[in-house]
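# Structural overview for review
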Amino acid sequence: MRSRRLVAIALVGVLALSACSTDDPPPMHPTAGAAGAGDPYYPGDGNGGYDALDYHVGVGYDPASGRLDGDTTVTAKATQDLSRFDLDLRGLDVQSVEIDGGPAKFSRDKALKLVVTPPSPLRAGTTFHTRVRYGGDPSKTAHEGASENGWSRSADGGAYMVGEPHSAAFWFPVNETPRDKATFTLTAHVPAGWTVISNGREQGSSTTAGKTTSTWTEPNPIASYLTTIAIDKFTVERSTLPDGTPVVSAYAPGAEAREGTGSQLPDVLAFLAGKFGPYPQSAAGGIYLDEDIHFSLETQTRPTYAKWAELLTLVHENAHQWFGDSVSLDSWSDICLNECFASYAQWLWAEREGQNLDDRYRAAVEITHDSTDFWSQKLTGMGAGHEFEGVYDKGILAMHALRRRMGETAFDRLLHEWPAEHRHGNATWDQFEQLVSKVSGQNLTAFVDDWFRGAKRPDDADLYPGSLRS
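Residues numbered from 1 in each chain as written. Predicted model: local features only at pLDDT ≥ 70, side-chain atom pairs only at ≥ 80, totals over all residues. Heavy atoms only, no water.

Heads up, the rule is: UniProt positions are given in the numbering used here, feature names are shortened, and annotations may be inferred rather than shown by experiment.
Per an unreviewed UniProt entry, the chain carries the name Aminopeptidase N and comes from Amycolatopsis saalfeldensis. The UniProt entry for the chain carries this comment under Catalytic activity (unreviewed entry): "Release of an N-terminal amino acid, Xaa-|-Yaa- from a peptide, amide or arylamide. Xaa is preferably Ala, but may be most amino acids including Pro (slow action). When a terminal hydrophobic residue is followed by a prolyl residue, the two may be released as an intact Xaa-Pro dipeptide." Here is the UniProt Sequence similarities (unreviewed entry) comment for the chain, exactly as written: "Belongs to the peptidase M1 family."

Below you can see the structure in the form of structure tokens.
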């Protein structure tokens, strides 16, 4: 009896050893992650080798000195065996980097990249946590102008962060490419009397020993340039939409007069939901600055408005919550998927107010009929540096012509199916063209080439389709 038991035990041990040997992981072949995400217009943006899953950003900010101290953890999944990887972080000084609680080596590359070398290579498929402690005055970091605003200080000592295509890397380490969306949480510490507004849902705030701590969480994936932080002595209005979605709108000193515009948000969102389908975000609201910046931005759940913004700006930026925020572009050459839709939403609103869009279209075509500059602006494949040149004006005409070419029923399906099919993901121009053909039941390649890829006034058949011809 005893001898049989020993044999059995020995046999189990042999089998266990055999099982272990067959389950040994394959050898690793670690290499460095790419120092770019692959967008040809911005080849240095973003990084390869991993998929960012979540950002937990912690910052302390002192309005008097302008100093920001950061403590951010990036949760990511390795997509290859990694010997090292990069994060985008502009200008700020890094004190330490840890991976899964242990120290990691790091260096800087031209003050734009944080190069991280883990203590041992990271196996493909592994989820890992990178904690970065850093600090400095982000307002001193150089930026390129145009819609890249950098970290900005307001006249009363507050601060705000908006920019496109570069934004997040001015204040936290990030994979700065729209191709790698992730969830986002901000915990911010500021002196008592100041308020922090950010994306997503407000998780509460508390004040202790002269410091106010507040936390915001966006559970939906967010492209990095759509994250934001605004610090000021805001007047904050809180409410809910009929479906329970929380609404938080903040008005900087000097911007309180725009509370009347902000109060129309529920009506705007209800109108847009009727055109595009259910509101796709976790929260709603707005950040109303008293700053004369030349653009407003669709920061996810809570657009940021310049001092000149009015009701149509509200319509435009909230249309982006479907087109651009929930459904994000894959490449910057496809920016029309964001801006052409959002700009046309302003026309849809005008149509609600009784305007005849066919008459408006014909008038616009007559005014621009012989303008080479106007018609030469491509709406896709326009070339780096030209992304925003035609999408706000020619893009509107292209969308209305597409509507008349597809027919009302098919165009309505397009407006609903596009954001539903790619909800909280990324999409490409080719996918858009495929959906246009599918819902219209027509081959519209020539029409799309004429309007969106062309650099001249479309042929009359494409310029005046459907009811526009009469």
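## So, the nonpolar core
The following threshold applies: Among buried residues, the Ala, Val, Leu, Ile, Met, Phe, Trp, Tyr and Cys ones that are joined through side-chain atoms within 4.5 Å form a nonpolar core. Here's how the labels work: a residue is buried when its accessible area is under 20% of the maximum for its type, exposed when over 50%, partly exposed in between, all with a 1.4 Å probe on protein chains only. Helix numbers and strand numbers start at the N terminus; a helix is a DSSP run of H or I with at least 4 residues, a strand a run of E with at least 2. Boundaries of every domain are those given by an automatic assignment or by a domain database. Contacts were defined at the residue level, with two residues in contact if any of their heavy atoms lie within 4.5 Å.
Tyr134, Trp171 and Trp451 are the most contacted members of the largest nonpolar core, which has 131 residues in total. In terms of residues, this core owes the most to one element, helix H5 (residues 336-352), which gives 10 residues. In this structure, this core is formed jointly by two domains, domain 1 (52-325) and domain 2 (332-468), each of which donates at least three residues. Residues in contact with Trp451, not counting those within four places in the same chain, are Tyr361, Trp375, Leu379, Lys394, Leu397, Ala398, Ala401, Pro458, Asp462 and Leu463.

## Some remarks on the packing of aromatic side chains
Going by this rule: Paired rings are identified among Phe, Tyr and Trp, the last through its six-membered ring, by centres lying within 6.5 Å, and are further divided according to the angle between planes into stacked (under 30 degrees), edge-to-face (over 60) and tilted (the rest).
Inspection of the entire model under this criterion finds 25 aromatic pairs. Geometrically, the ring pair formed by Phe374 and Trp375 is edge-to-face, given 4.9 Å between the ring centres and 85 degrees between the ring planes. The pair Phe374 / Trp375 is uniform in exposure class, with both members buried. Look at Trp418 and Phe432: their rings are 5.5 Å apart centre to centre, the planes differ by 85 degrees, and that puts the pair in the edge-to-face class. One end of the pair, Trp418, is in helix H9 (residues 408-421); the other, Phe432, is in helix H10 (residues 429-440), with 14 residues separating them in the sequence. For Trp418, a relative accessible area of 1% corresponds to the buried category.

## A closer look at the sheet that holds strand S19 (residues 284-288)
We count it as follows: We treat two strands as partners when DSSP finds at least two bridges between them.
The mixed open sheet is built from four strands, whose spatial order is S17-S18-S19-S20. Edge positions in the sheet fall to strand S17 (235-240) and strand S20 (304-305), since each has one partner strand and no second. Direction of pairing for strand S18 (residues 246-251) relative to S19: parallel, over a ladder of five bridges. The residue of S19 that forms the bridge with Tyr251 is Tyr288.

## Re the state of the cysteines
Disulfides are covalent bonds that connect the sulfur atoms of two cysteines. Note the cut-off: In this description, a disulfide is simply a cysteine sulfur pair whose atoms lie within 2.5 Å.
What the rule picks out here adds up to one disulfide. Paired by a disulfide, Cys336 and Cys340 hold their sulfur atoms 2.0 Å apart. Its torsion about the S-S bond being -115 degrees, the disulfide of Cys336 and Cys340 is classed as left-handed. Taken together, the positions of Cys336 and Cys340, both in helix H5 and four residues apart, correspond to about one turn of that helix.

## Comments concerning the environment of Ile99
Within the secondary structure layout, Ile99 lies in strand S5 (residues 93-99). Along the backbone, Ile99 and Ser296 are 197 residues apart, and their C-alpha atoms lie at a distance of 37 Å. What Ile99 contacts, discounting residues up to four positions off in sequence, is Phe85, Ala104, Val116, Pro118, Phe128, His129 and Thr130.

## Some points on the domain arrangement of the chain
Test applied: Joining two parts hides part of their accessible area as seen by a 1.4 Å probe, and the buried area is that hidden amount summed over both.
Domains assigned within the chain are domain 1 (52-325) and domain 2 (332-468). Computed over C-alpha atoms, the centres of domain 1 and domain 2 are 30 Å apart. At the interface, 31 residues of domain 1 touch 24 residues of domain 2. Across the domain 1/domain 2 interface, buried area totals approximately 2300 Å², and carbon plus sulfur atoms make up 64% of it.

## As for the sheet that holds strand S1 (residues 31-32)
Ordered by their spatial adjacency, four strands build an open sheet running S1-S4-S8-S7, and the pairing between neighbours is mixed. Where the open sheet ends on each side, the last strands, each with one partner, are S1 and strand S7 (105-109). Here S1 pairs with strand S4 (residues 82-88) via two bridges, running parallel. Looking at the pairing, Ala32 lines up with Arg84 of S4.

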